[in-house]
Amino acid sequence: MTPPEHDGPMARGDEHTDRRDDNIEDNQPQEAAALHADESDHPDDAGQRDGDEHDASETSAEPPPPPPRKRLALYVAVPLVLLVAWGVFVHWHQSSDAADTLKQSQAAVPDVQVATAKRSSDLTATSLPGQTVAFDSADLFARATGYIAERRVDIGSHVKKGELLLRIAAPDLDQQLEQARAQLGQMQAQLAQAQTSLQQANSTAKNADLNSRRSKILESEGWDTAQNRDNLKTASDVDVKSVAAAQAGIGVAVSNVRAQQAQVDRLVALTGFENVIAPFDGVITQRDVDVGTLVQSDSNTGTALLHLDDQDVLRCQVYVPQSQFAGIHDGLPALVTVPELPGEQFRAFVSRSSVSLAQNSRSMLVEVDIDNRAGKLTPGLFVTVAFDVKRPAPAVVIPDAALIFDAAGLHVAVVGQDDKVEMRPIVIARDTGTEAELREGLDGSEKVIVNPPSDLTQGQKVHVMPDKKPDAKQASG
C-alpha cells in the first residue's frame, strides 16, 4: 500500500528532514575518523567528546524553527525608543541648566571698580613735532668772474662778521676798472677845457659889448658910421651866444664825468667782490669751491661758493593745528626735547607766528627761538615742542579703560542711584593714550565703571568695590 503524498509545508518539512538525515549519515564516517584522531592525541577527553558528539547529532537532527517577525520588530523598536527618550532627557536637562544659569546671571550683582570723572585744568599740555633751522642762513655766490686765488675757511669754520673768507683773482675786471678810470680822467679834462672856453667866451662877449656901446656914442656924434655900429652890435650878440654855447658844453662835460664816475664806481664795487667776506657771525656748513676753481658772476648761473649759518640762536618751526591755535601767543613758554639727547630739555619762548592758518593743512606756523650758544643743537633736527596752551573751556577727563564701543556707539557706564548702571553716550575731544578728554556726555562728577564687563546692561545693579590701598611695605618701598 502506497503512502499518501503530503502537500504543503508538512511535506516540504519531511523532505528537508530526510535530506538532513542523509547528510548526517554521510558525514558520520568523517566525524568518526576525526574523533579517533582526537582520541589518539588526547585519550583522557575521549569519553567526554563521545557524549558531546551524541548530543550534537541529536540537535542537528531537529533544526530550530525560524524566529517570528514580531520578535524582530521588538528588537529594533526598543533601542530606538530608548535612544529617543535619552535625547529628550538630555535636551530637557540642558534647557533646565540654561534657564537656571540665566536666572542666576540676572539675579547676580557683579563687582565693579569705578573712577570719578574730573574737570581738567585751564592749561592743556600739547606736544607737537618740529624742526630746527638757523636763525640766519645765507648762500654766498660769486659776483666777480675769475679764479679762486685764496681760501681761508673750510666746512665747520667759525667766522666773524667782516672776516675774509675767499679771494677771487679777476684780472679782466681789474683792467676794466683801470680803463674806466682813464676815461674818467679824459672826461674831467674835457670839463676843464669847456670851463676855459666859457671864460674866454665871457671875455670876448664883454669886449664886444664895450665896442658896441662906443660905436653907438660915436655914431650919435657923427664920428662913426651906422654900418660900423651895426657890425659891432652883431658881433656882441654873437659873443653872447658863444658864452651860452660854452656853458652848455660845460653841462655836457659834467654829465660825461658823472656817467664815467658811476662806471668806475660800479667796477670798483665789482672788484670789491673779489674779496668774499662774512655777512654775519656763523659757521661754514658747505663749501663748493677750492683754490683754482673758475667762478662765474652771472646772476642766473652764478657759482655757489659757501653756505653760512648763524647757530647761536636757532629757530624751531612748529605747525599748530586749528584746535589749539587760539592759545598760542608771543612769549608763550615752550620746552624742546630731542630724541637723540635723552634727559636734555631746552627752554624757549614763542617768538613769532604766521598769524593765519594754511589752507591745505589748517595749521599755523609758529617759531620758537632756542638759545644755542652752548652748541648742543644744530639746524635740521627733528624735535618735540611742548606747550601749556590755555583751554577755551575746561574738559571732563576719564580713563581710557572706561570707554565702551559697541553697536550702540561710544559711551561709558555710570553708577547712578541705588548702584544701578546708566549708559551715557559721549563725544571725545582728545585722547592722550591713557585718558580721554570729553567734549560732551559728562559734567565731571560721575563715577564711571573701569573695565566694565561685556554683559553689562542698562539698569543693572552692581556692587562697587572699594579702592585698593597700597600696603605699608609697598608705600615705604
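Computed from a prediction, not measured in an experiment: that's the story for all the values here.

The subject of this paragraph is the overall build of the protein chain. The helix and strand inventory of the protein chain stands at six helices and 22 strands. Going through the 477 residues of the protein chain one by one, you find that 27% of them count as buried. Sequence separation of at least 24 residues holds for 74% of the intrachain contacts in the protein chain that already meet a minimum separation of 6. Working note: accessible area of the protein chain is about 31,800 Å², and carbon and sulfur atoms make up 53% of it.

Right, let's talk about the sheet that holds strand E19 (residues 427-431) for a bit. The four strands are arranged E2-E15-E20-E19 in an open sheet whose pairing can be described as antiparallel. Each edge of the sheet is formed by a strand with only one pairing partner; in this case those strands are strand E2 (118-119) and E19. The sheet contact formed by E2 and strand E15 (residues 396-399) spans two bridges and is antiparallel. Across the sheet, the residue bridging to lysine 118 is valine 397, located in E15.

Turning to the sheet that holds strand E6 (residues 164-169), a few remarks are in order. Here four strands make up an open sheet; going across it, the order is E7-E6-E4-E9 and the pairing antiparallel. On the outer flanks of this sheet lie strand E7 (275-277) and strand E9 (294-295), each paired with one strand and no other.

A positive phi angle, near 55°, is found at arginine 362, a position not held by glycine. With respect to the helices, strands and loops of the structure, arginine 362 is situated in the loop between strand E12 (346-353) and strand E13 (363-371). Note on arginine 362: relative accessible area 46%, which makes it partly exposed. The phi dihedral of asparagine 451 is positive, around 50°, even though this residue is not glycine.

With 22 residues, the main nonpolar core has Cys316, Ile328, Val350, Val368, Ile370, Val385 and Phe387 as its most contacted residues. Of all hydrophobic cores here, the second largest spans 19 residues; its members include Ala170, Ala194, Val243 and Ala253.

What follows is about the confidence of the model for the protein chain. In low-pLDDT segments, the atomic positions of the prediction should not be examined closely. On average, the protein chain scores 79 in pLDDT, and the residues at 70 or more come to 79%. Low confidence marks residues 1-61, where pLDDT is under 50. Its contacts with residues over four positions away, or in another chain, come to 13 contacts. Across residues 469-477, confidence stays below pLDDT 50; counting only partners more than four residues off in sequence or on other chains, it has zero contacts.

Let's shift gears to the pattern of salt bridges. Pairs may arise between side chains of opposite charge once their charged atoms sit close together. A complete count under the given rule lists 16 salt bridges for this structure. For the salt bridge of arginine 167 with glutamate 150, the shortest nitrogen-to-oxygen distance reads 3.2 Å. Placement of arginine 167 in strand E6 and of glutamate 150 in strand E4 (residues 146-151) is noted, with a sequence separation of 17 residues between them.

This part covers the pairing of E12. The pairing of strand E11 (residues 333-337) with E12 spans four bridges and is classified as antiparallel. For alanine 334, the partnering residue across the bridge sits in E12 and is alanine 348.

In this section: the packing of aromatic side chains. The tally for this structure, following the rule as stated, stands at two aromatic pairs. Seen in terms of ring centroids, tryptophan 86 and phenylalanine 89 are 5.8 Å apart; in terms of plane orientation they differ by 35°. Their pairing is tilted. With a gap of three residues between them, tryptophan 86 and phenylalanine 89 both fall in helix H3 (residues 69-107), about one helical turn apart. Of the residues examined, tryptophan 86 reaches a relative accessible area of 54% and is grouped as exposed.

Time to look at the pairing of strand E18 (residues 421-425). As defined by bridge partners, strand E17 (residues 409-415) adjoins E18 across five bridges and the pair is classed as antiparallel. Counted as the bridge partner of histidine 411 is proline 425 from E18. As consecutive antiparallel partners, E17 and E18 are separated by five residues, and within that stretch aspartate 418 has a phi angle of approximately 60°, a positive value.

A water-sized probe rolled over the atoms picks out the places where empty space is left. The volume enclosed by the second largest pocket comes to roughly 190 Å³. If you go around the second largest pocket, you meet 13 residues; those closest to its centre are His158, Gly282, Val283, Gln311 and Asp312. Elements represented by at least two residues in the lining of the second largest pocket include exactly strand E5 (158-159), strand E8 (282-287) and strand E10 (304-321). Here the lining of the second largest pocket gets three residues from one element, more than from any other, and that element is E10.

With that settled, the discussion passes to a nonpolar patch on the surface. On the surface, Leu74, Tyr75, Val76, Val78 and Leu82 cluster together to form a nonpolar patch covering roughly 520 Å² of accessible area. Note on placement: valine 78 falls in helix H3.

We now examine the environment of isoleucine 155. Looking at the secondary structure, you find isoleucine 155 in the loop between E4 and E5. Distance in space between the C-alpha atoms of isoleucine 155 and glutamine 286 is 5.7 Å, their sequence separation being 131 residues. Setting aside residues no more than four positions away along its own chain, isoleucine 155 makes contact with Ile284, Thr285, Gln286 and Arg287.

Another point: the side chain of serine 363. Along the chain, serine 363 falls in strand E13. Here serine 361 takes part through its side chain, which lies 2.7 Å from a polar atom of the side chain of serine 363. Not counting chain neighbours up to four residues away, the residues in contact with serine 363 comprise Tyr319, Val320, Pro321, Ser356, Leu357 and Ala358.

This brings us to the environment of proline 279. Summarising the element assignment, proline 279 is placed in the loop between E7 and E8. In this structure, proline 279 is in contact with Leu140, Lys161 and Leu308, ignoring residues within four places of it in sequence.

This next bit is on the environment of valine 291. Mapped onto the fold, valine 291 is located in the loop between E8 and E9. Each C-alpha atom, one on valine 291 and one on arginine 167, is 9.3 Å from the other, the two residues being 124 residues apart in sequence. Ignoring anything within four residues of it in the chain, the contact list for valine 291 reads Ile148, Ala149 and Arg151.

Turning to its location among the elements, glutamine 324 is positioned in the loop between E10 and E11. Residue classification places glutamine 324 among the buried positions, given a relative accessible area of 14%. Excluding its chain neighbours within four sequence positions, the residues that come into contact with glutamine 324 are Thr126, Val389 and Arg430.

What counts, and where the lines are drawn
- Residues numbered from 1 in each chain as written.
- Predicted model: local features only at pLDDT ≥ 70, side-chain atom pairs only at ≥ 80, totals over all residues.
- Heavy atoms only, no water.
- Helix = DSSP H or I, 4+ residues; strand = E, 2+ residues; numbered from the N terminus.
- Buried < 20%, exposed > 50% of the residue type's maximum accessible area, 1.4 Å probe, protein only.
- Contact = heavy atoms within 4.5 Å.
- Areas by Shrake-Rupley, 256 points an atom, 1.4 Å probe, with all protein chains shown as cover.
- Pairing = 2+ DSSP bridges.
- Core = buried A, V, L, I, M, F, W, Y, C linked by side-chain atoms within 4.5 Å.
- pLDDT = per-residue confidence, 0-100.
- Salt bridge = Lys/Arg side-chain N within 4 Å of Asp/Glu carboxyl O.
- Phe/Tyr/Trp six-rings, centres within 6.5 Å; stacked < 30°, edge-to-face > 60°.
- 1 Å grid on protein atoms, 1.4 Å probe; cavity = no way out; pocket = protein on both sides within 12 Å on 5 of 7 lines; lining within 4 Å.
- Points joined across faces, edges and corners; volume = space filled by probe spheres on them.
- Patch = residues over 30% accessible without salt bridge, like charges linked within 9 Å, V, L, I, M, F, W, Y side chains within 5 Å.
- Polar contact = N/O pair within 3.5 Å; in protein donor to acceptor, adjacent residues only side chain to side chain.

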